[in-house]
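Structural features, examined
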Amino acid sequence: MFSIEAIKNLRNSGSVVPSSRFLVNKMTRSINGEDHVIVEFGTGNGKITKNILQKKSLRSRLISFELNPTMYEKAQSKLPVDGRFWLVNGSAFSFDQYLEQRQIQKVDQFISSLPLSLLNENDIDNLLAKVKAHLHPQGVFIQYQYSLDKYELLKSHFKEVKLSFTPLNFPPAFVYRCSI
Ligand SMILES: C[S@@+](CC[C@H](N)C(=O)[O-])C[C@H]1O[C@@H](n2cnc3c(N)ncnc32)[C@H](O)[C@@H]1O
């Protein structure tokens, strides 16, 4: 299902295969027992989302954004949406409006699968400016990419960008851990 929908919408999905468990684990590595606000961009088939839900504390809140209505419906049918997990059929670019409506000021972790290579740099700049404005001072923005083409852009936005590589994924992926 993910692959069919991903192929139909390759411009937005950026991949035809869901993330491997190795990549999923790397993306969620910093989720511990603390009560956090976690925002995910690009739910897709919900593989990362499910892992976040398994690792997060009961009182942590997760808000996950998926643009594609078919992917959203599929994810909604298999993920346990409740008072502390909200799945939003909408663009990650509007995450700030959603947080404002719920009076959430700061986010501890952003976990993003957005296909950065397919987005234009002005849009990424705008999104990252909003991410920084909402990121807790000790928080992290975590993003994966199949190339390094947005590494310099991320470094221009964040004080620190730690880079790691996950060969056991198709395609192999780079993970950025960014802090302010
Ligand atoms: C590479 S897939 C990742 C799916 C899943 N998180 C994973 O890692 O296996 C990227 C996902 O981001 C979604 N997406 C693309 N642009 C988006 C946007 N502006 N807001 C929210 N989701 C978006 C796509 O529809 C797709 O499901």
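Read on for a plain summary of the structure. Fair warning: this is a prediction, and the values are worked out from it, not measured in the lab.

Here we look at the pairing of strand S3 (residues 85-89)
Burial of S3 is extensive: 4 of the 5 residues sit out of reach of the surface. Handedness of the crossover joining strand S2 (residues 61-66) and S3 through helix H5 (residues 69-78) is recorded here as right-handed.

A closer look at the side chain of His36
Position of His36 relative to the elements: it lies in the loop between helix H3 (21-27) and strand S1 (37-41). Judged by its relative accessible area of 14%, His36 is buried. Non-local contacts of His36, meaning those with residues more than four positions away in its chain, are made with Ser60, Arg61, Asp108 and Gln109.

Focus: unusual backbone geometry
Excluding glycine, residues mostly carry a negative phi; peptide bonds, for their part, are mostly trans. With an omega of -5 degrees, the peptide bond running from Phe170 to Pro171 counts as cis. Here Pro171 lies in the loop between strand S6 (160-166) and strand S7 (173-179). With a phi angle near 55 degrees, Gln103 is a residue other than glycine that sits in the positive phi range. Residue Gln103 is classed as exposed on the basis of its relative accessible area, which comes to 67%.

Some remarks on the site of the ligand
Near the ligand you find 24 residues, and of these Ser19, Gly42, Glu66, Ala92 and Tyr144 are the closest. Side-chain polar atom of Ser19 to an oxygen atom of the ligand: 2.6 Å apart, as the coordinates give it. A distance of 3.2 Å separates a nitrogen atom of the ligand from a polar side-chain atom of Ser91. The protein chains hide 98% of the 600 Å² of surface that the ligand would expose on its own. Only helix H2 (10-13) and S2 provide two or more residues apiece to the shell around the ligand. Within the shell around the ligand, the residues separate by chemical class into 11 nonpolar, 12 polar and 1 charged.

Analysis parameters
- Residues numbered from 1 in each chain as written.
- Predicted model: local features only at pLDDT ≥ 70, side-chain atom pairs only at ≥ 80, totals over all residues.
- Heavy atoms only, no water.
- Buried < 20%, exposed > 50% of the residue type's maximum accessible area, 1.4 Å probe, protein only.
- Helix = DSSP H or I, 4+ residues; strand = E, 2+ residues; numbered from the N terminus.
- Right-handed = clockwise from strand over helix to strand, strands pointing away.
- Contact = heavy atoms within 4.5 Å.
- Near = heavy atom within 4 Å.
- Polar contact = N/O pair within 3.5 Å; in protein donor to acceptor, adjacent residues only side chain to side chain.
- Areas by Shrake-Rupley, 256 points an atom, 1.4 Å probe, with all protein chains shown as cover.
- Nonpolar A, V, L, I, M, F, W, Y, C, P; charged D, E, K, R; others polar.

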